[in-house]
Structures are given as structure tokens and as C-alpha cells.
Amino acid sequence: MAVVHGLAMDIERKDDSFFIELKATGTLTHADYEKIVPILDEALAEVEKPIVDAYFDGTEFEGWELQAAWDDLRLGLKHGKKFHRIAIYGNQHWQEIMAKVGGWFVAGEVRYFDDPLDALAWLRGGV
């Protein structure tokens, strides 16, 4: 997994399905999104109707700079219909609220977990 500023991302593809793993560290910046968004755009552009499951590890995530928060919203609006499930693993109450708000911008389900194994089990179709 390559680290780009405070954001690491790994994308796996099988047919039209994608599994994206993200880990945020510290405060995300506009520069983080300038690196990650083109990679995500390119991967999803290869498939007409991609189905995306995502695992977000926010245990070291502190938040966004203002421009980065705007970048995150634009990313959700651009690709939100492609997401099937997003599991947010965190350790802060505000991250649980973020998961609920994030659900407004994606077509699929967004859930918060305080255990990484529960999050991954849910993404794999359990619970």
C-alpha cells in the first residue's frame, strides 16, 4: 500500500467489482486528494458499471483541511452511485457521525465499526 501524504490507498479489481482500502493518517490535505482522485478515476473509468466496496481505516484520522473536505464531498458526488458498501473503522464518535452523513452521498450502505474484523466481515456479505 503506497502512502500519499496522510492517505494510503490500495485498489483490487475482479471483473466489474472493486475493493478499495483506504487509511487516513492525521489531517488530510488538498494535495492528498490531488494524488488519490486521479488513481481512483482511472481505475473506475475502465468499467462501465463498477461495483465498489470500500474499507476506510480512520483510527489515525484527525480530519480535513477545508479544501480537502470540499474535495471529499466532490469525490462522493462524482462516484457515489458506484459504491455498494463502505465500512468505516474508527475510534472516535465524530467518525460514527461522519459515516451517517457520508451515507447521504452514496447509493450504497455506509456503516461505522469499532472493530476491523466486524467491518471486513460486513463488507464480505456477513452481519
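Note that this is a predicted model, so its numbers are computed, not measured.

A. The arrangement of the overall build of the protein chain in detail. Along the protein chain, the regular secondary structure elements total four helices and six strands. In terms of its C-alpha atoms, the protein chain occupies a principal-axis envelope of roughly 35 × 35 × 30 Å. The buried share among the 127 residues of the protein chain stands at 43%. Restricting to contacts in the protein chain with at least 6 residues of sequence separation, those with at least 24 account for 73%. Approximately 7,400 Å² of the protein chain is accessible, and the part contributed by carbon and sulfur atoms is 55%. Across the protein chain, the mean location of the 13 positive side-chain charges is 6 Å away from that of the 23 negative side-chain charges.

B. Here's a closer look at the packing of aromatic side chains. Enumeration according to the criterion identifies six aromatic pairs in this entry. Judged by centre distance (6.5 Å) and plane angle (70°), the rings of W64 and W94 are edge-to-face. With W64 in strand 4 (residues 51-64) and W94 in helix 3 (residues 93-102), this pair connects stretches of sequence that are 30 residues apart. Looking at W64, the relative accessible area reads 29%, which means it is partly exposed. We classify W94 as partly exposed; its relative accessible area is 32%. Between F113 and W122, the aromatic rings sit 5.6 Å apart at their centres with planes inclined by 45°, giving tilted as the arrangement. Residues F113 and W122 agree in their burial class; the two are buried. Taken together through their ring pairs, the aromatic side chains of F56, F61, W64 and W94 make up a single cluster.

C. The arrangement of the pattern of salt bridges in detail. Summed over all chains, the structure comprises seven salt bridges. For K78, the salt bridge is made with D41, and the minimal N-O distance between the two is 2.9 Å. In this pair, K78 sits in helix 2 (residues 66-79) while D41 sits in helix 1 (residues 30-45), placing the two residues 37 residues apart along the sequence. Among the ionic pairs, E109 bridges to R85, the shortest N-O distance being 3.7 Å. Of this pair, E109 sits in strand 6 (residues 109-113) while R85 sits in strand 5 (residues 83-89), and the two are 24 residues apart along the sequence. Here E109 falls in the partly exposed class, since its relative accessible area comes to 36%. Judged by relative accessible area, which is 13%, R85 ranks as buried. Overlapping salt bridges, with partners in common, bring together K23, D57 and E60 in one network.

D. Structural detail: the side chain of D57. As for its placement among the helices and strands, D57 is situated in strand 4. The exposure class of D57 is buried, given its relative accessible area of 13%. Only 2.6 Å separates the side chain of D57 from the side chain of T59, close enough to count as a polar contact.

E. View of the environment of D118. Tracing the chain through its elements places D118 in helix 4 (residues 116-123). Judged by its relative accessible area of 41%, D118 falls in the partly exposed class. Through-space distance from the C-alpha of D118 to that of A99 is 15 Å; in sequence the pair is 19 residues apart.

F. Summary view of the packing of helix 1 against helix 2. Where helix 1 meets helix 2, the axes come as close as 9 Å, and the angle between the chain directions of the two elements is 10°. The angle between the axes of helix 1 and helix 2 places the two elements in the roughly parallel class. Between helix 1 and helix 2 the crossing geometry is left-handed. Facing H30, Y33, V37, L40, D41 and L44 of helix 1, the residues of helix 2 in contact are Q67, A68, D71, D72, L75, K78 and H79.

Cut-offs and rules
- Residues numbered from 1 in each chain as written.
- Predicted model: local features only at pLDDT ≥ 70, side-chain atom pairs only at ≥ 80, totals over all residues.
- Heavy atoms only, no water.
- Helix = DSSP H or I, 4+ residues; strand = E, 2+ residues; numbered from the N terminus.
- Buried < 20%, exposed > 50% of the residue type's maximum accessible area, 1.4 Å probe, protein only.
- Contact = heavy atoms within 4.5 Å.
- Areas by Shrake-Rupley, 256 points an atom, 1.4 Å probe, with all protein chains shown as cover.
- Lys, Arg positive; Asp, Glu negative; His and termini not counted.
- Charge placed at Lys NZ, Arg CZ, Asp CG, Glu CD.
- Phe/Tyr/Trp six-rings, centres within 6.5 Å; stacked < 30°, edge-to-face > 60°.
- Salt bridge = Lys/Arg side-chain N within 4 Å of Asp/Glu carboxyl O.
- Polar contact = N/O pair within 3.5 Å; in protein donor to acceptor, adjacent residues only side chain to side chain.
- Axes fitted to C-alpha atoms, helices over the stretch in contact; angles between N-to-C directions.
- Parallel < 35°, antiparallel > 145°, perpendicular 65-115°, else oblique.
- Left-handed = near helix turned anticlockwise from the far one by under 90°.

By themselves these figures say nothing about function.
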